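# Working through the structure, step by step
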Amino acid sequence: MIAGLPEEEYFSSGHRACAGCGEILAVRHALKASGKNTIAVMATGCMEVVSTPYPESSWKVPWVHGAFENHPAIASGIDAALKALGKRDKINLLVFGGDGAYFDIGFQALSGALERGHKATYICTDDEAYMNTGVQRSGATPPFGATTTSPAGKKIHGKQQAKKPLPLIVAAHGIRYVATASVSNIQDYYKKVQKALATEGPSFIHVFTPCPTGWYYDSADTIEIARLAVECRFQPIYEIENGALKFTSKIENPKPVAEYLQKQGRFKHLGKEETEFVQKYVDERYNFLLELEKQKKAFDVLL
Amino acid sequence: MQNKKINKGYKLLIGAVIDEPGSSEKNKTGSWRTFIPIIDQEKCIKCGICWMDCPDMAIKKNADGTFAIDYAFCKGCGICAKQCPTKVISMKLEGK
């Protein structure tokens, strides 16, 4: 064990991800938490493209590629097959997808699989745009985030809509474990994956993974940016276990959101007013979550 | 399963299955690097944070507890140097 994590790697070097990729860290440490008895299903996206350029693979566990819109259905099939073979308790099922796969295109398949209650752990590696095809806006892009399809022009300054609160939408399906995490705190993420795998039925983890290529910052800053996002309350870190929302790292004295925004090229067009808007947007959403925490069993009735 | 040879000598299996786990290790990504990280072993406290935060699995633990960078795969992103709590990893422009 190094820093509380197992040394064994299930994801190998030589993959084609950009230098400083945050998503790789999420995949790498989820596999560590899951161990060698794992089947991984993955949606289309950066991680699929960089990890399996034919005829090579970076995966050391059985891995199936599915399309955006059907990979949770593939996972459902694997779950049913494992049950029929009587091996369900011995094998972990990890399902990876990016924000495009879970916030947008694969959402119906995810929703269906959650509703059917197939046991699998879904991990959404969120880099807030479609990075694989060259940075297009997604349901996860935050307000005013500049992408190639929501550019920062003279009149319209980046994306005009809010970010979908996906973990809450998933929790509303009545599943027993939903958590958010960030690559700035790997040990916390590792524990959450272990907890998710031990959950009865489906479980979901939303992990915040900065992308140097799409967000326009120096590749060395990936962990720093992820940490800032947590410290300024932009990315709240909580878990919803058996219907109760609980913050796992509550930020009592948040840094100003401007500090986080200024570090990234995708927000460099923001003026004072827009920065204030984002600050208000972040505060409102965080306060809403604090309210949910106070209710103790906010999602209880949906279980 | 029947194997069929296609271009460049790759074996094409049914369903385009890749039957060699972790085979991307054939692709040495070290050539992508512009800046090279160097660990000052004398000052290193062996905490393993560089190992934990490396997206290329290019930092390996030696038997004596020290960490070494595998330059065959290191892309030179600089996360290790930035995250090192004792700042013993320096990034230097790599001469070709």
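Please refer to the structure placed before this passage.
Scope of this entry: the structure provided in the associated data block. Numbers given to residues run from 1 along each chain, matching the order in which its sequence is written. Chains carry letters and ligands carry numbers; both start at the beginning, A for chains and 1 for ligands, and go up in the order they are written. Residue-level local features of this predicted model are given only where pLDDT is at least 70; pairs of side-chain atoms are given and counted only at 80 or more, and the full residue set underlies all totals for whole chains, interfaces and linings.

### Description of the overall build of chain A
A tally of helices and strands in chain A yields 11 helices and 8 strands. Computation of the radius of gyration draws on C-alpha atoms alone. For the globule rule, the value is 2.2 Å times the number of residues to the power 0.38. Its C-alpha atoms give chain A a radius of gyration of 18 Å, within 12% of the compact-globule value 19 Å for 303 residues. When its C-alpha atoms are laid out on the principal axes, chain A stretches across 60 × 50 × 40 Å. Whether a residue is buried, exposed or partly exposed is read from the other C-beta atoms within 10 Å of its own C-beta, which are placed from the backbone; 20 or more gives buried, 12 or fewer gives exposed, and intermediate counts give partly exposed. When each of the 303 residues of chain A is scored for burial, the buried share is 54%. Contacts are defined on C-beta atoms placed from the backbone: any two residues whose C-beta positions lie within 7 Å are in contact. Taking as baseline every contact in chain A between residues at least 6 positions apart, the subset at least 24 positions apart corresponds to 69%. Per the convention used, a helix needs a DSSP run of H or I reaching at least four residues, while a strand needs a run of E reaching at least two, with both numbered from the N terminus.

### Overview of the overall build of chain B
Scanning chain B from N- to C-terminus turns up 2 helices and 6 strands. When its helices and strands are written in sequence order, chain B yields β-β-β-α-β-β-α-β. The buried share of chain B, taken over its 96 residues, is 30%. For chain B, contacts bridging at least 24 residues in sequence account for 61% of all contacts bridging at least 6.

### Re unusual backbone geometry
The amide bond that connects Tyr 54 of chain A to the next residue, Pro 55 of chain A, takes the cis arrangement and shows omega of 0°. Within the secondary structure, Pro 55 of chain A sits in the loop between helix 2 (46-51) and strand 2 (63-65). The backbone of Lys 296 of chain A shows a phi angle near 65°, a positive value even though the residue is not glycine. Position of Lys 296 of chain A relative to the elements: it lies in the segment after helix 11 (272-294). A tally of 11 C-beta atoms within 10 Å means that Lys 296 of chain A is categorised as exposed. Unusually for a residue other than glycine, Ala 16 of chain B sits at a positive phi of about 50°. Secondary-structure assignment places Ala 16 of chain B in the loop between strand 2 (11-12) and strand 3 (35-39).

### Details of the interface of chain A and chain B
You'll often see interface size given as the accessible area lost when the parts meet. Across the boundary between the two partners, chain A contributes 32 residues, which contact 34 residues of chain B. A class-by-class count of the residues in the side of chain A that touches chain B yields 15 nonpolar, 10 polar and 7 charged. Only Asp, Glu, Lys and Arg are considered charged, only Ala, Val, Leu, Ile, Met, Phe, Trp, Tyr, Cys and Pro nonpolar, and every remaining residue, Gly among them, polar.

### Let's talk about the nonpolar core
If you look at the biggest cluster of nonpolar residues, it comprises 111 residues, and the most contacted ones within it are Val 95, Phe 96, Ile 123, Val 207 and Ala 229 of chain A together with Cys 50 of chain B. In terms of residue count, helix 1 (residues 22-34) of chain A provides more of this core than any other element does, 7 residues in total. Setting aside residues up to four positions removed in sequence, Val 207 of chain A forms contacts with Ala 26, Ile 123, Cys 124, Thr 125, Asp 126, Ala 181, Ser 182, Val 183 and Tyr 189 of chain A. Put simply, a nonpolar core is a cluster of buried Ala, Val, Leu, Ile, Met, Phe, Trp, Tyr and Cys residues tied together by C-beta atoms within 7 Å.

### Describing helix 3 (residues 71-85) of chain A
All names here are of chain A. In this analysis, the expected span of each helix is defined as 1.5 Å times one less than the number of residues it contains. The terminal C-alpha atoms of helix 3, which comprises 15 residues, lie 21 Å apart, in line with the 21 Å expected from a rise of 1.5 Å per residue. Within helix 3 the residues assigned to the buried category are His 71, Pro 72, Ala 73, Ile 74, Ala 75, Ser 76, Ile 78 and Asp 79. Summarising the contacts, the buried residues of helix 3 are in contact with strand 1 (38-42), strand 2, strand 3 (92-98), helix 4 (99-105) and helix 5 (107-116).

### Some points on the sheet that holds strand 6 (residues 203-208) of chain A
Residues and elements named next belong to chain A. Two strands qualify as a pair provided DSSP detects at least 2 bridges between them. The strand order 2-1-3-4-6-5-7-8 describes an open sheet built from 8 strands, whose pairing is mixed. This sheet does not close on itself; its edge strands, each paired only once, are strand 2 and strand 8 (244-249). With strand direction ignored, the average angle separating the axes of adjacent strands in the sheet is 20°. Examined bridge by bridge, strand 4 (residues 121-126) and strand 6 share 6 bridges and lie parallel to one another. Paired with Cys 124 across the bridge in strand 6 is His 206. Between N-to-C directions, angles cover 0 to 180 degrees, with each direction set by a line fitted to C-alpha atoms, over the stretch in contact for helices. Helix-sheet contacts for helix 9 (residues 222-231) involve strand 5 (177-182), strand 6, strand 7 (237-241) and strand 8, and the interaxial angle to strand 5 is about 120°.

### Regarding the pairing of strand 4 of chain A
Residue and element names in this part refer to chain A. Counting buried residues in strand 4 gives 6 out of 6 residues, a clear majority hidden from the surface. Of the two faces of strand 4, the one carrying Thr 121, Ile 123 and Thr 125 and the one carrying Tyr 122, Cys 124 and Asp 126 are both buried. Alignment of strand 3 against strand 4, held across 5 bridges, turns out to be parallel. Bridge assignment links Phe 96 to a residue of strand 4, and that residue is Ile 123.

### With respect to the packing of helix 3 of chain A against helix 5 of chain A
Residue and element names in this part refer to chain A. Between helix 3 and helix 5, whose axes approach to 7 Å, the crossing angle comes to 30°. With respect to each other, helix 3 and helix 5 are oriented roughly parallel. Contacts between helix 3 and helix 5 involve His 71, Pro 72, Ala 73, Ala 75 and Ser 76 on the former and, on the latter, Ala 109, Leu 110, Gly 112, Ala 113 and Arg 116. Here the residues of the contact of helix 3 with helix 5 are counted per class, giving 6 nonpolar, 3 polar and 1 charged. The cut-offs work like this: below 35 degrees is roughly parallel, past 145 is roughly antiparallel, 65 to 115 is roughly perpendicular, and the gaps in between are oblique.

### Describing the environment of Ala 152 of chain A
Residues and elements named next belong to chain A. Here Ala 152 lies in the loop between strand 4 and helix 6 (166-171). A C-alpha to C-alpha distance of 9.1 Å links Ala 152 and Lys 268, two positions 116 residues apart in sequence. Discounting chain neighbours no more than four positions away, the residues touching Ala 152 are Ala 146, His 157, Gly 158 and His 269.

### Points about helix 11 of chain A
Residue and element names in this part refer to chain A. Between its terminal C-alpha atoms helix 11 stretches 33 Å, which fits the 33 Å expected from 23 residues at 1.5 Å a residue. Within helix 11 the residues assigned to the buried category are Val 278, Val 282, Leu 289 and Leu 292. Looking one or two places after helix 11, you find Lys 296, whose phi comes out positive at around 65°.

### Section: the packing of helix 1 of chain A against helix 7 (residues 186-197) of chain A
All names here are of chain A. At a minimum axis distance of 9 Å, the contact between helix 1 and helix 7 shows a crossing angle of 50°. Judged by the angle between their axes, helix 1 and helix 7 are oblique. In the crossing of helix 1 with helix 7, the sense of the turn from one axis to the other is right-handed. Of the residues in helix 7, those in contact with Leu 25, His 29, Ala 30, Lys 32, Ala 33 and Ser 34 of helix 1 are Ile 186, Tyr 189, Tyr 190, Val 193, Gln 194 and Leu 197. Looking at side-chain class alone, the contact of helix 1 with helix 7 contains 8 nonpolar, 3 polar and 1 charged residues. Helix crossings are classified by the rotation of the near helix relative to the far one: an anticlockwise turn of less than a right angle makes the crossing left-handed, while a clockwise turn makes it right-handed.

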